[in-house]
Structures are given as structure tokens and as C-alpha cells.
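Take a look at the letters that make up each chain.
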Amino acid sequence: MNDHDGGVVTGLDAEFQGMRPRLLGVAYGLLGSLDEAEDVVQDAWMRLRSATAADGGEEIGDVTGWLVVTVSRLALDVLRSARHRREEYVGQWLPEPVLTGPVLTGPVLIGAAPDPAERVTLDESLSMAMLVVLESLSPAERTAFVLHDVFGLTFAEVGEAVGRSPAACRQLAARARAHVASRAPRFDVDPSEHRRVVHAFARACLGDDIDRLVALLDPDVVFRSDGGGRVRAGRRPVFGAAKVARLLFGIQRFGRFELVPAVVNGWPGLLRYRGDRLVAVLGLTVAEGRVTAVDMVLNPEKLARVTRADETRR
């Protein structure tokens, strides 16, 4: 395993590049931050090269399994250290949004799909709203749930990542599953129905009929916004269709924004622009034909990756 001329490294590189979207998905599911996920995946890659390329290096039979476990361990360490930072975060903390498909308005493409180098393989359950729920779990519970219930790892593999027995990991996942079941959004929504509701929501926000918007919102809808102390945003969630509708109407009238449909974390969502400048990404949760959660990310640091090709906009 010490081919310094590149034979082994090239083979490893090809296998790593093939795994990279899935590894990013695992790390992002644990961290809710693509920046942190990329750092973790790159660290795992450097550790793999160090372990296999040096003289007398380790013989790794299952490179894929080794990478998934290593990424999970590293992400768990970051998650533990991040909890204190998020407790001190200004206002509400929301995950960094990930565009997982092209941005379309009718037949007109106004933004490209993610660059292959930045692709993330996300399970449909890792929506903005689900990631908010996962934030309320302990790091070990979140890791057990994401690795087993979302990505299908065995409890033996989960145990390698969290440093506990398979039986203990099974208990962690069971506690996490019960918590998620009581708070997480449903995912039996037909994608076309979800898209229809999102488009109707955008039209209602841009119109002058607040009753139409209220009718599209679940009576118990929750609105969350994340400005990170960088831009103005609510410090606490807002609940209830009437309150959320008034808030959305007030935001729209104040700024006269454009809302552009996009695929956000695997589900139809919206990009909000003021002129040519992206100012927010909205993740929308839908159930039974109504919007049950609106998660609006305004923190410029979390919007840095979300771009569009302005020359193709018109």
C-alpha cells in the first residue's frame, strides 16, 4: 500500500470521490452545516491517505465502511463542541440550506443544479424542519438516529462511530426515534402536491389577500428565522396562521421581494431576492395541503453557497 507514484492513491481517490456525496450527506445530517461537513470529510480523506500510503500502512479491506465510520466519529466530535456555540448563537439557529436541484420558474432555468464537486446525497427526511428537530437530541442520540434510521448503518457500525456497544446504540436510536416521532414533520406528502402548495404560498405572499395566505397555513404553523445577529430576524418562533400571515405580509410589503421556487434540502422551497441579491432561503414543510412550518434562513454566512446564474434570469 505504499505506491508513492500514485497507483494506490489514484485508486483511493476514485473511490473517495465516488463516496464523497454520501459522506457529505452523513456529516451534514449530523451537523446541519455544509462548511463543517466538508471540513470533516476532507479530514477523513487525509486520515485515509495517511493510513494507507505510508510504508507499512494499514490494509483497509472496506474503504467505504472505514470512511463512513471515520466521518461519523469526526462529525460527532464537532457536534459536541458546537453545542456550546449554538447555545450562544444570536436568535434562532437554523441549518445551512442546501440546494439539491435546479431552480426553475416554469420552463425557464434561472439557476444551475449544484456543481458535481459540491453535491450532497441527502435523504428526503433531512429537510430543514427535520434538522431543527434533530438539534434537540443529544449528540449521541442524533448520531445513532441519523446513521441507523436515515443512512441504514447497522448498530455494530454505529457503535464504532459513537464508542458504545450495539445494544446501547439501539437504545439511543429508540429514544431518538420516539422524540422525532412526536415532533418531526410527516414525509408522506406527494412531491407534486408539495410543489403546488409552495407555489400557491409564494403567490399568496406576493398578493394582497391575507385571507388567502391564512387558508394555506396550518392553524398551528410555526415560523422560524435565522439572522445570526448579522441581519434582522425574529429571536423566537412565531406560531399560528393569523400571526404568521401578518408577519409574512409585513416582510413582503417592507422589502418588495421576489420569491423564486427552488429545491431546498430535497423538497420544494423558495429563494427570496431583493433585486439581484439573495437575501433568504425558505424551507417549507407541507402536510394535508397546508404549510405547517416556514424556516427562513437570512444569515449571509449560510447563504454564501446559494447562487444563481443572473444572466439567464430573464
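Just above, that's the structure.
Counting of residues starts from 1 at the beginning of each chain's written sequence and follows it residue by residue. Since the coordinates come from a predicted model, pLDDT governs what is reported: local features require at least 70, and pairs of side-chain atoms require 80 or more to be given and counted, while whole-chain, interface and lining totals use all residues. Derived side-chain values reflect all non-hydrogen atoms in the structure, with water molecules and hydrogen atoms excluded from consideration.

1. Some details on the overall build of the chain
Moving on, step 1. By the criteria applied, helices consist of DSSP H or I runs no shorter than four residues and strands consist of E runs no shorter than two, each listed in order from the N terminus. Helices and strands together make up the secondary structure of the chain, namely 11 helices and eight strands.
Moving on, step 2. Here, two residues are considered to be in contact whenever any of their heavy atoms come within 4.5 Å of each other. Pairs at least 24 residues apart make up 69% of the contacts formed inside the chain by residues separated by at least 6 positions.
Moving on, step 3. Only carbon and sulfur atoms are counted for the fraction: they give 50% of the accessible area of the chain, which is about 14500 Å². Accessibility throughout is a Shrake-Rupley quantity obtained with a 1.4 Å probe, and a residue counts as covered only by protein chains that appear here.

2. Thoughts on the sheet that holds strand 5 (residues 258-264)
Moving on, step 1. Strands are treated as partners if at least two bridges between them are detected by DSSP. Read from one edge to the other, the open sheet built from six strands follows the order 4-3-8-7-6-5, with strand pairing classed as mixed. The sheet is open, and its two edges are formed by strand 4 (238-239) and strand 5, each paired on a single side.
Moving on, step 2. To obtain each axis, a line is fitted to C-alpha atoms, and for helices this fit is confined to the stretch in contact; angles are then taken between N-to-C directions over 0 to 180 degrees. Each of strand 3 (217-226), strand 5, strand 6 (267-274), strand 7 (277-287) and strand 8 (290-297) is contacted by helix 8 (residues 191-206), which is oriented at about 25° to strand 6, the strand it contacts most.

3. Quick look at the pairing of strand 3
Moving on, step 1. In this scheme, a residue with accessible area under 20% of its type's maximum is buried, one over 50% is exposed, and one in between is partly exposed, where area comes from a 1.4 Å probe on protein chains only. The buried fraction of strand 3 is high, at seven of 10 residues.
Moving on, step 2. With six bridges connecting them, strand 3 and strand 8 associate as parallel partners. Directly across from Leu-217, in strand 8, lies its bridge partner Val-291.
Moving on, step 3. Pairing geometry for strand 3 and strand 4, over two bridges, is antiparallel. Bridge pairing in strand 4 places Phe-223 opposite Val-238.

4. Some words on the side chain of Arg-272
Moving on, step 1. Along the chain, the position of Arg-272 falls in strand 6.
Moving on, step 2. Positive charges are assigned to Lys and Arg, negative charges to Asp and Glu, while His and the chain termini are left out of the count. The salt bridge definition used is simple: a Lys or Arg side-chain nitrogen within 4 Å of an Asp or Glu carboxyl oxygen. At 11 Å, Glu-258 is the nearest oppositely charged side chain to Arg-272, a buried residue that forms no salt bridge.
Moving on, step 3. Sequence-distant contacts of Arg-272, defined by excluding residues within four places in its chain, comprise Ile-251, Phe-257, Glu-258, Leu-259, Arg-277, Leu-278, Val-279, Ala-280, Leu-282, Met-296 and Leu-298.

5. Considering the pattern of salt bridges
Moving on, step 1. Applying the stated criterion across every chain yields a total of 13 salt bridges.
Moving on, step 2. The shortest N-O distance in the salt bridge between Arg-305 and Asp-35 comes to 2.5 Å. Taken as a pair, Arg-305 in the segment after helix 11 (300-303) and Asp-35 in helix 2 (residues 34-53) lie far apart in primary sequence, 270 residues in all.
Moving on, step 3. For Asp-35, a relative accessible area of 39% puts it in the partly exposed group.
Moving on, step 4. Its salt-bridge partner being Arg-142, residue Glu-135 comes within 2.7 Å of it at the nearest N-O pair.
Moving on, step 5. Salt bridges linked by common partners bring Arg-20, Asp-35, Glu-38, Glu-96 and Arg-305 together as one network.

6. A short note on the packing of helix 5 (residues 139-150) against helix 7 (residues 166-183)
Moving on, step 1. One can describe the packing of helix 5 onto helix 7 by two numbers: an axis separation of 8 Å at closest approach and a directional angle of 90°. The angle between the axes of helix 5 and helix 7 places the two elements in the roughly perpendicular class. Contacts from Ala-140, Glu-141, Ala-144, Phe-145, His-148 and Asp-149 of helix 5 reach helix 7 at Cys-169, Leu-172, Ala-173, Arg-175, Ala-176, Arg-177 and Val-180.
Moving on, step 2. In the scheme used here, Gly and all other residues not listed as nonpolar or charged are polar, with Ala, Val, Leu, Ile, Met, Phe, Trp, Tyr, Cys and Pro taken as nonpolar and Asp, Glu, Lys and Arg as charged. The class makeup of the residues in the contact of helix 5 with helix 7 is eight nonpolar, one polar and four charged. Our angle categories are set so that under 35 degrees counts as roughly parallel, over 145 as roughly antiparallel, 65 to 115 as roughly perpendicular, and the remainder as oblique.

7. Examining helix 6 (residues 155-162)
Moving on, step 1. Among the residues of helix 6, those classed as buried are Phe-155, Val-158, Gly-159, Ala-161 and Val-162. Down the axis of helix 6, the buried set is contained in an arc of 160°. They therefore lie on one face.
Moving on, step 2. The inward-facing, buried residues of helix 6 contact helix 3 (63-87), helix 5 and helix 7.
Moving on, step 3. Once helix 6 finishes, Gly-163 follows within two positions and takes phi at roughly 75°, a positive value. Working note: the arc is built from the helix axis to C-beta atom directions.

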